[in-house]
Amino acid sequence: MPGAKRIIGVVWESVRRWFDPRELRSVGDPPDYRFSLANERTFLAWLRTGLALVGGGLAVAQFLPPLPLRHLREAIAVALLLLGGVVAVRAVDHWARTERAIRLGEELPASRFPAVLALVVGLGALLLVVAVLAGGVGSR
Amino acid sequence: MTGDPGLQPERTRLAWRRTLLALTVVTALTVRQALGGGGVGAALAGAAVAGWAATLTSCWGRATGSGPVRTGSRTMPVVALAAAGAATLGALSVLTRLW
């Protein structure tokens with residue numbers, strides 16, 4: 001399958017790039033270090049967002065009583081954990097691409113990810129509100 | 001070079017400390033989740049603690065200011081993969097408890 005091979009190649013290339021600081025330092029000019037530090041802090045803020053999702057997933061698994069629907073609690077927990085992992089990996093990819101753009105004096109990479117994440121979290125919250133209301137009415 | 005020689009590195013150090021603290025809390029929750037899952041769970045808990053210790057060791061310079069301020073460091077992918085790894089181990093721990 002040439003498609004799968006291409007995807008694996010792209011992923012491998014990205015991972016190699018994240019872990020190779022020399023390659024990042026070889027492009028463009030060294031920027032004002034304040035820009036690099038700001039980029040680093042943005043990355044760390046995204047990482048904490050991901051860790052909050054992971055912590056939330058673990059809290060759901062450990063501190064929520066079993067829900068009426070079988071394994072629903074575990075499904076919510078795993079969904080939150082996977083979302084947190086995706087946020088973390090995307091954070092390092094975005095950090096590397098932003099650092100590259102700063103060094104090359106290009107425009108910063110645009111991303112739809114924050115909007116998508118906001119929609120996913122908002123939709124999840126809405127579903128839970130509906131579930132809580134339905135559960136509250138049903139138990140009465 | 002700049003008008004604020006101290007503040008930017010300081011803020012970045014504090015951001016690293018917050019992040020490592022969050023990672024520590026998440027690791028504790030992962031271990032708590034994993035330890036209910038028998039032998040496999042114990043192995044997952046061990047992996048979580050090992051990953052946490054390795055990450056803390058490699059990021060310590062950033063959080064305390066003893067490391068150099070420069071771009072393109074490996075600490076960024078390391079700490080990101082630690083978070084993703086904690087998520088994976090946590091998900092596996094949740095799933096092992098179902099079986």
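Model, not experiment: these values are computed from the prediction.

Cut-off values and rules
- Residues numbered from 1 in each chain as written.
- Chains lettered and ligands numbered in written order.
- Predicted model: local features only at pLDDT ≥ 70, side-chain atom pairs only at ≥ 80, totals over all residues.
- Heavy atoms only, no water.
- Helix = DSSP H or I, 4+ residues; strand = E, 2+ residues; numbered from the N terminus.
- Buried < 20%, exposed > 50% of the residue type's maximum accessible area, 1.4 Å probe, protein only.
- Contact = heavy atoms within 4.5 Å.
- Areas by Shrake-Rupley, 256 points an atom, 1.4 Å probe, with all protein chains shown as cover.
- Buried area = accessible area lost by both parts, 1.4 Å probe.
- Polar contact = N/O pair within 3.5 Å; in protein donor to acceptor, adjacent residues only side chain to side chain.
- Patch = residues over 30% accessible without salt bridge, like charges linked within 9 Å, V, L, I, M, F, W, Y side chains within 5 Å.
- Salt bridge = Lys/Arg side-chain N within 4 Å of Asp/Glu carboxyl O.
- 1 Å grid on protein atoms, 1.4 Å probe; cavity = no way out; pocket = protein on both sides within 12 Å on 5 of 7 lines; lining within 4 Å.
- Points joined across faces, edges and corners; volume = space filled by probe spheres on them.
- Nonpolar A, V, L, I, M, F, W, Y, C, P; charged D, E, K, R; others polar.
- Core = buried A, V, L, I, M, F, W, Y, C linked by side-chain atoms within 4.5 Å.
- Axes fitted to C-alpha atoms, helices over the stretch in contact; angles between N-to-C directions.
- Parallel < 35°, antiparallel > 145°, perpendicular 65-115°, else oblique.
- Left-handed = near helix turned anticlockwise from the far one by under 90°.
- Phe/Tyr/Trp six-rings, centres within 6.5 Å; stacked < 30°, edge-to-face > 60°.
- pLDDT = per-residue confidence, 0-100.

## Examining the overall build of chain B
Phase 1 of the analysis: Within chain B, the regular secondary structure consists of 3 helices and 0 strands.
Phase 2 of the analysis: The burial tally for chain B puts 44% of its 99 residues in the buried class.
Phase 3 of the analysis: If you take every contact in chain B between residues at least 6 apart in sequence, the share linking residues at least 24 apart comes to 66%.
Phase 4 of the analysis: Approximately 4,800 Å² of chain B is accessible, and the part contributed by carbon and sulfur atoms is 68%.

## Description of the interface of chain A and chain B
Phase 1 of the analysis: Facing the 34 residues of chain A at the interface are 40 residues of chain B.
Phase 2 of the analysis: Buried surface at the junction of chain A and chain B, summed over both partners, amounts to about 3,600 Å²; 72% is from carbon and sulfur atoms.
Phase 3 of the analysis: Counting the surface chain A buries against chain B, the share from its top three residues, Phe19, Arg41 and Leu51 of chain A, is 17%.
Phase 4 of the analysis: Taken together, the links from chain A to chain B amount to 10 residue pairs in polar contact (both at pLDDT 80 or more).
Phase 5 of the analysis: Those elements that place two or more of their residues in the side of chain A that touches chain B are α1 (2-19), α2 (21-26), α3 (33-63) and α4 (72-104) of chain A.

## Some remarks on a nonpolar patch on the surface
Phase 1 of the analysis: Judged by side-chain polarity, Leu92, Leu95, Leu98 and Trp99 of chain B come together as a nonpolar surface patch covering roughly 440 Å² of accessible area.
Phase 2 of the analysis: In this structure, Leu95 of chain B sits in helix α3 (residues 75-98).

## Here we look at the side chain of Glu40 of chain A
Phase 1 of the analysis: Structurally, Glu40 of chain A can be placed in helix α3.
Phase 2 of the analysis: For Glu40 of chain A, a relative accessible area of 4% gives the class buried.
Phase 3 of the analysis: Glu40 of chain A has contacts with Trp95 of chain A together with Thr12, Trp16, Arg62 and Met76 of chain B, leaving out every residue within four places of it along the chain.

## Remarks on the pattern of salt bridges
All names here are of chain B.
Phase 1 of the analysis: All told, the structure shown has 7 salt bridges over all chains when counted by the stated rule.
Phase 2 of the analysis: For Arg13, the salt bridge is made with Glu10, and the minimal N-O distance between the two is 3.7 Å. Here Glu10 and Arg13 lie together in helix α1 (residues 7-34), a separation of 3 residues that amounts to about one turn.
Phase 3 of the analysis: Arg13 gets classed as partly exposed once you look at its relative accessible area, which sits at 21%.

## Section: the layout of surface pockets
Residue and element names in this part refer to chain A.
Phase 1 of the analysis: Put simply, the largest pocket is a space of about 580 Å³.
Phase 2 of the analysis: If you trace the largest pocket, you find 19 residues lining it, with Leu72, Ile76, Gly124, Leu127 and Leu128 closest to the centre.
Phase 3 of the analysis: Breaking the lining of the largest pocket down by element, the ones donating at least two residues are α3, α4 and α5 (113-139).
Phase 4 of the analysis: Element by element, the count of residues in the lining of the largest pocket is highest for α5, at 8 residues.
Phase 5 of the analysis: Residue composition of the lining of the largest pocket, grouped by class: 18 nonpolar, 1 polar and no charged.

## Topic: the nonpolar core
Phase 1 of the analysis: Counting 41 residues, the largest nonpolar core has Phe43, Leu47, Val92 and Trp95 of chain A together with Trp16 and Val79 of chain B as its most contacted members.
Phase 2 of the analysis: Per-element tally for this core: the top contributor is α3 of chain A, with 10 residues.
Phase 3 of the analysis: The contact partners of Leu47 of chain A, leaving out residues within four places of it in the chain, are Ala88 and Ala91 of chain A together with Thr19, Val79, Ala80 and Ala83 of chain B.
Phase 4 of the analysis: In terms of nonpolar packing, the next biggest core, distinct from the first, is built from 6 residues, Val31, Ala45, Ala48 and Leu89 of chain B among them.

## Structural notes on the packing of α3 of chain A against α1 of chain B
Phase 1 of the analysis: Running from amino to carboxyl end, α3 of chain A crosses α1 of chain B at an angle of 20°, the nearest separation of the two axes being 9 Å. Comparing their axes, α1 of chain B and α3 of chain A come out roughly parallel. Crossing angle aside, the handedness with which α3 of chain A passes α1 of chain B is left-handed.
Phase 2 of the analysis: Of the residues assigned to the contact of α3 of chain A with α1 of chain B, the class counts are 16 nonpolar, 7 polar and 7 charged.

## Comments concerning the packing of aromatic side chains
Both the distance between ring centres and the angle between the ring planes are used here to describe each pair of aromatic rings.
Residue and element names in this part refer to chain A.
Phase 1 of the analysis: Under the counting rule described, the total for this entry stands at 2 aromatic pairs over all chains.
Phase 2 of the analysis: Aromatic side chains Phe43 and Trp95 sit 6.2 Å apart centroid to centroid with 45° between the ring planes, which places their arrangement in the tilted category. Of this pair, Phe43 sits in helix α3 while Trp95 sits in helix α4; the two residues are 52 residues apart in sequence, bridging distant segments of the chain. Across the pair, Trp95 and Phe43 agree in class, each one buried.

## Side note on the confidence of the model for chain A
Phase 1 of the analysis: Per-residue pLDDT for chain A has a mean of 89; in total, 96% of the residues score no lower than 70.
Phase 2 of the analysis: Of all secondary-structure elements in chain A, the lowest mean pLDDT belongs to α2 of chain A, at 80, while α3 of chain A reaches the highest, 94.

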